[in-house]
Amino acid sequence: MPRTQPGLSVQKACLSKADPDQMNSIVFSTLCSENEAFPDGRPIEVKGFFIATLATIPGSGKKKSTRVEDRIVVFATETGDLLGGNVPYALDLLSTSPSVELAQVNLNTEGLKSKFPKLFETSLGLCTKTEVELLLKPDASPVCLPARPLVMPVRELVDQELDRLVNNGTLCRVDSSDWAAPIVVVRKANGQIRMCADYSTGLNEALQDVDYPLPNMEEIMAKFSGNTVFTQLDLADAYLQLPLCTASRVLTTINTHRGLFQYHRLVFGLKTAPAIFQRTIEQTLAGLDGVLVYLDDIVREFQGNLKKARDGREDGDRKIARTHRQTSNMRKS
C-alpha cells in the first residue's frame, strides 16, 4: 500500500476523464474559488483529476483509521504537479479553531499620515536602494509575439491603463524590441481591469530561477502562535515599486494595439517576481521583531496591548520610509 506521507495512505486511485465544461465545474466546485491564476500571475492549468480513497493510519495521533473517497484535481506547475481537493478537511487533517475570536480595531491612521506623509502619498512609490536584474539562461533566445485583438469596450479601458502607467513612469513607449509578449486583460469586480503581460509565452521559460523561499503555512502559523494583537500594512502596487535595471527592461516589452512598451518597474507575471519582491521587503525590515512578510502584506504581531501595536506599526512605517521610500496602501491597512 503506497504511502503519501507519514500517517496517510492511498487505498485506491481511479483515473477519470472529463470534457472542458465538466472539468471547469469540477475544479471550481472543488476549490470554491473564482480565481484563475496563481499569485504571481501564471494561469492555472488543470491536467485532470482522479478519484482516490485515502485513509489515516492508526497510531499517527488518531485512535482509529478514518477513510474518505473524494476527487483530487491535478494542476500543472513549473516545478511539478500540484494536487488540490477537500480531502485534508474530510480527514480532519486541517481545521479551524472555533475558539478564536477576532476583533478589528481601527488605529489612528491620520496620525500615521501626518508623521510619514511621503509613505502614504497616492503616487507610485519607488525603492531607492536597489534595482532588479533579470538574468537569462545561457541558451535563451528572444521571443517576439504580436498583440492580441481586443474588443472595443476593453480597448478603451486598456488605453486608460496604458496612459496611467506611462504617466507614472511604469511604462515607456519603444519603437522596436527583440522581446515582446502579448497582454492579458482581466476585469475586476469593481468594473475596472487588470492588465498583465503574458510572459508564459517565452520569457518566463528563458529566465533563471531566483532561489529565495516564500514562507509556508507552517512558518506563518508558528509566528502567529502566542500573539494576540496584529497590525497590517499593505504595499500599494507592490511589485511596481521596484525599479528594473536598464538592461532588463527590454526583456519585459509588451505588444499592444498601440505598439510596443517597456516596463521600467518589476511587473506582475514574471515568474521570478514573487521571490525578488519577498527578498527585498524582508531585507528592508530586517531587525524588526515580530514581523511577518508575505509579498505585499506586512504583519506585526504582539503579545501586549494596542499601544505596542501602534508603536510597532510606526516602527515599520519609519523603516520603510527612511530606507526605501515605498508607499503603503491605507485602504487595506
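Each chain carries its own residue numbering, running from 1 in the written order of its sequence. Under the rules for a predicted model, residues below a pLDDT of 70 receive no local features and side-chain atom pairs below 80 are neither given nor counted, while totals for whole chains, interfaces and linings still include all residues. Here the side-chain values reflect all heavy atoms present in the structure, with hydrogen atoms and water set aside.

Trainee: Before we move on, could you go through the overall build of the chain and cite the residues and values that matter?
Mentor: Per the secondary structure count, the chain includes nine helices and 13 strands. Of all intrachain contacts in the chain linking residues separated by at least 6 positions in sequence, the fraction that spans at least 24 positions is 73%. In the form shown here, the chain has an accessible surface area of approximately 19400 Å², with 50% of it arising from carbon and sulfur atoms. Strands here mean DSSP runs of E at least two residues long; helices mean DSSP runs of H or I at least four residues long; both are numbered from the N terminus. Note on contacts: a residue pair is in contact if any heavy atoms of the two residues lie within 4.5 Å. Surface accessibility in these figures is a Shrake-Rupley result with a 1.4 Å probe; residues are shielded only by whichever protein chains are displayed.

Trainee: Got a sec to walk through the pattern of salt bridges? Specific residues and values, please.
Mentor: Salt bridges are defined by distance alone: a side-chain nitrogen of Lys or Arg within 4 Å of a carboxyl oxygen of Asp or Glu. Taken as a whole, this structure holds six salt bridges when the rule is applied. The closest approach of N and O atoms between Lys 137 and Glu 205, which form a salt bridge, is 3.6 Å. With a gap of 68 residues between them, Lys 137 in the loop between helix H3 (109-115) and helix H4 (152-167) and Glu 205 in helix H5 (residues 203-206) connect regions that are remote in the sequence. Overall, the relative accessible area of 28% leaves Lys 137 in the partly exposed class. Its salt-bridge partner being Arg 258, residue Asp 163 comes within 2.9 Å of it at the nearest N-O pair. Taken together, the residues Asp 163 in helix H4 and Arg 258 in the loop between strand E10 (254-256) and strand E11 (259-263) connect sequence positions 95 residues apart. Here's how the labels work: a residue is buried when its accessible area is under 20% of the maximum for its type, exposed when over 50%, partly exposed in between, all with a 1.4 Å probe on protein chains only.

Trainee: Could you give me a rundown of the pairing of strand E8 (residues 193-197), with the residues and numbers involved?
Mentor: The buried fraction of E8 amounts to four of the five residues, a majority that puts the element mostly inside the structure. By the bridge criterion, five bridges tie strand E7 (residues 181-187) to E8 in an arrangement that is antiparallel. Each residue of the ladder has a partner; that of Ile 183, found in E8, is Ala 197. Here a strand pair is declared whenever DSSP counts at least two bridges between the two strands. Where E7 folds back on E8, the antiparallel hairpin that results is connected by five residues, among which Gly 191 adopts a positive phi of roughly 90°.

Trainee: If you had to explain the packing of aromatic side chains to someone new, which residues and values would you point to?
Mentor: A pair of aromatic rings is counted whenever rings of Phe, Tyr or Trp (Trp by its six-membered ring) have centres within 6.5 Å, and the orientation is called stacked for planes under 30 degrees apart, edge-to-face for over 60 and tilted otherwise. Throughout the structure, instances matching the rule amount to two aromatic pairs. Between Tyr 239 and Phe 277 the ring centres are 5.2 Å apart and the planes differ by 50°, which places this aromatic pair in the tilted class. Highlighted residues: Tyr 239 in the loop between strand E9 (229-234) and helix H7 (246-249) and Phe 277 in helix H8 (residues 273-284), separated in sequence by 38 residues. Across this residue pair, the class does not change: Tyr 239 and Phe 277 are buried. Every member of this aromatic cluster is reached through a ring pair, and the members are Tyr 239, Phe 268 and Phe 277.

Trainee: Hey, could you go over the nonpolar core for me, with residue numbers and the actual values?
Mentor: Soluble globular proteins: nonpolar side chains tend toward being buried together. As used here, the term nonpolar core means buried Ala, Val, Leu, Ile, Met, Phe, Trp, Tyr and Cys residues forming a set that is joined through side-chain atoms within 4.5 Å. Met 195, Tyr 199, Ile 254, Tyr 263, Leu 266 and Leu 270 are the most contacted members of the largest nonpolar core, which has 44 residues in total. Of all the elements in the fold, those that place two or more residues in this core are H4, E7, E8, H5, E11, H8 and strand E12 (291-294). Looking at this core, the element that brings in the most residues is H4, giving five residues. Among the nonpolar cores identified, the runner-up in size contains eight residues, and Val 68, Ile 72, Val 74 and Leu 91 belong to it.

Trainee: Quick one: what's the story with the side chain of Asn 204, residue by residue and with numbers?
Mentor: Relative to the helices and strands, Asn 204 is located in helix H5. Counted as a polar contact is a pair of N or O atoms within 3.5 Å, where, for protein atoms, one must be capable of donating a hydrogen and the other of accepting one, and residues adjacent in sequence contribute only when both atoms are in side chains. For Asn 204, the side chain forms a polar contact with the main-chain nitrogen of Lys 271, separated by 2.9 Å.

Trainee: So what's going on with H8? Which residues, and what values?
Mentor: One less than the residue count of a helix, multiplied by 1.5 Å, gives the span that helix is expected to have. Between its first and last C-alpha, H8 extends 16 Å over 12 residues, near the 16 Å set by a 1.5 Å rise per residue. Burial analysis of H8 places nine of its 12 residues in the buried class, the great majority of the element.

Trainee: Explain the sheet that holds E7 to me, using residue names and the numbers behind them.
Mentor: A sheet is described by the order of its strands in space; here five strands give the open sequence E6-E11-E10-E7-E8, paired in mixed fashion. Edge positions in the sheet fall to strand E6 (171-174) and E8, since each has one partner strand and no second. Taking the axes of each pair of neighbouring strands and ignoring which way they run, one obtains an average angle of 40° across the sheet. By the bridge criterion, two bridges tie E7 to E10 in an arrangement that is parallel. Axis lines are fitted through C-alpha atoms, for helices just across the contact stretch, and the angle between N-to-C directions can take any value from 0 to 180 degrees.

Trainee: Please give an account of the confidence of the model for the chain that cites residues and values.
Mentor: What pLDDT expresses is the predictor's confidence in each residue, scored from 0 to 100. Mean pLDDT over the chain works out to 75, with 71% of the residues at or above the 70 mark. Every residue in residues 1-35 is under pLDDT 50, and counting partners more than four places away or in other chains gives 65 contacts. A low-confidence stretch, residues 323-333 (pLDDT under 50), is modelled with 48 contacts involving residues beyond four sequence positions or located in other chains.

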